[in-house]
Amino acid sequence: MRGAKVLVTGAASGIGRATALAAADAGALLVLTDIAEEGLADTAESIRAAGGTVLASRAFDITDYDAVTAFAADIHAEHDALDIVMNVAGVSAWGTVETLEHRHWRNMVEVNLMGPIHVIENFVPPMVRAGRGGALVNVSSAAGLIALPWHAAYSAGKFGIRGVSEVLRIDLRRHGISVHLVAPGAVNTPLVHSVDLVGVDRDDPRVRKLTAKFTGHAIPPERVANAILRGVERNRFIVYSSFDIRFGFWWVRKFRYPYDFLMRRVSATFSRLLVSKSS
């Protein structure tokens, strides 16, 4: 990380902010972006206050290809190719196929898949041409490794970026660019508290109980940030933030029938929480 020019998307909060701070502490030169202007400014200010370096910071929506392209052009004009690109920004919505609306599906794919693709399109080819190698980090999810109930729309984007990463891991190897797929589980970030639970009454005591249980299991974003930096340093493809995700992915591949049985039970439990449209 020391002296490397590092792009971090989603740097205003959560994993993105924690990763930007950790990278700065390790001596990286940061290029930051997020859709939340105030949070992004706070991250940049915190890095500079601690003696770190922020080369550039700009608030925009990564689903806007033209905005990403304009930002990349400005960065490359002033700083040449970057060394490490980290796609961290993401959103989440959970629901069943009969409760999810088209906007939920589109948003999950636009932000969690097309957003990273826009970044990859604009920042990775200059890294290839520079010939210095580097690293590409894509944050997926446990839902990008394991089929979880109510995660169909979310997994559309997260499984998608996993597939992109699998291919780029092969294609970019000859250029000395390593690829890292981050698969966190529950992380105590604003995303956990703001996840869109479609078709569910959040004030239902049963929902509150499940939400509290999920949040209580969540790990701090700093732990994920440290895992990301360690994963890049050790050239790990899949970067796990906790043992349960590593074990879960192994268990799914080895014990398919028990996994299917368990997921059907979980899905049935969740479905009892659905709000009737007639009520």
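Here, every reference points to the structure presented above.
Residues numbered from 1 in each chain as written. Predicted model: local features only at pLDDT ≥ 70, side-chain atom pairs only at ≥ 80, totals over all residues. Heavy atoms only, no water.

Novice: Mind laying out helix α2 (residues 37-49), listing which residues take part and the relevant values?
Specialist: Over its 13 residues, α2 runs 18 Å from end to end, which matches the ideal 18 Å to within 8%, given 1.5 Å per residue. For α2, the secondary structure elements touched by its buried residues are α1 (14-25), β2 (29-34) and β3 (53-59). Two residues or fewer past α2, G51 is found with a positive phi of approximately 95°. (Helix = DSSP H or I, 4+ residues; strand = E, 2+ residues; numbered from the N terminus. Expected span 1.5 Å × (residues − 1). Contact = heavy atoms within 4.5 Å.)

Novice: Describe the packing of α1 against α2, listing the residues and the values that go with them.
Specialist: Packed helix pairs are characterised by how far apart their axes lie and by the angle those axes make with each other. Relative orientation of the contacting elements α1 and α2 amounts to 20°, with a least axis distance of 10 Å. Comparing their axes, α2 and α1 come out roughly parallel. Crossing of α1 against α2: the hand is right-handed. Between α1, through R17, A20, L21 and A24, and α2, the contact on the second element is made entirely by D42, T43, S46 and I47. (Axes fitted to C-alpha atoms, helices over the stretch in contact; angles between N-to-C directions. Parallel < 35°, antiparallel > 145°, perpendicular 65-115°, else oblique. Left-handed = near helix turned anticlockwise from the far one by under 90°.)

Novice: Provide a residue-level description of α1, including the pertinent values.
Specialist: Owing to its 3.6 residues per turn, the α-helix aligns residues three or four sequence positions apart on the same side. For α1, built from 12 residues, the straight-helix expectation of 16 Å at 1.5 Å per residue is met to within 8% by its first-to-last C-alpha distance of 17 Å. The element α1 is extensively covered by neighbouring structure, given that nine of its 12 residues are classed as buried. Within α1, burial applies to G14, I15, G16, A18, T19, A20, A22, A23 and A24. Two residues or fewer after α1 comes G27, characterised by a positive phi angle close to 100°. (Buried < 20%, exposed > 50% of the residue type's maximum accessible area, 1.4 Å probe, protein only.)

Novice: How would you explain unusual backbone geometry if you had to name every residue and give the values?
Specialist: Phi is positive for D80, which is not a glycine, with a value near 65°. Looking at where D80 falls in the secondary structure, it is placed in the loop between α3 (65-79) and β4 (84-87). Classification of D80 by relative accessible area gives partly exposed; the value is 44%.

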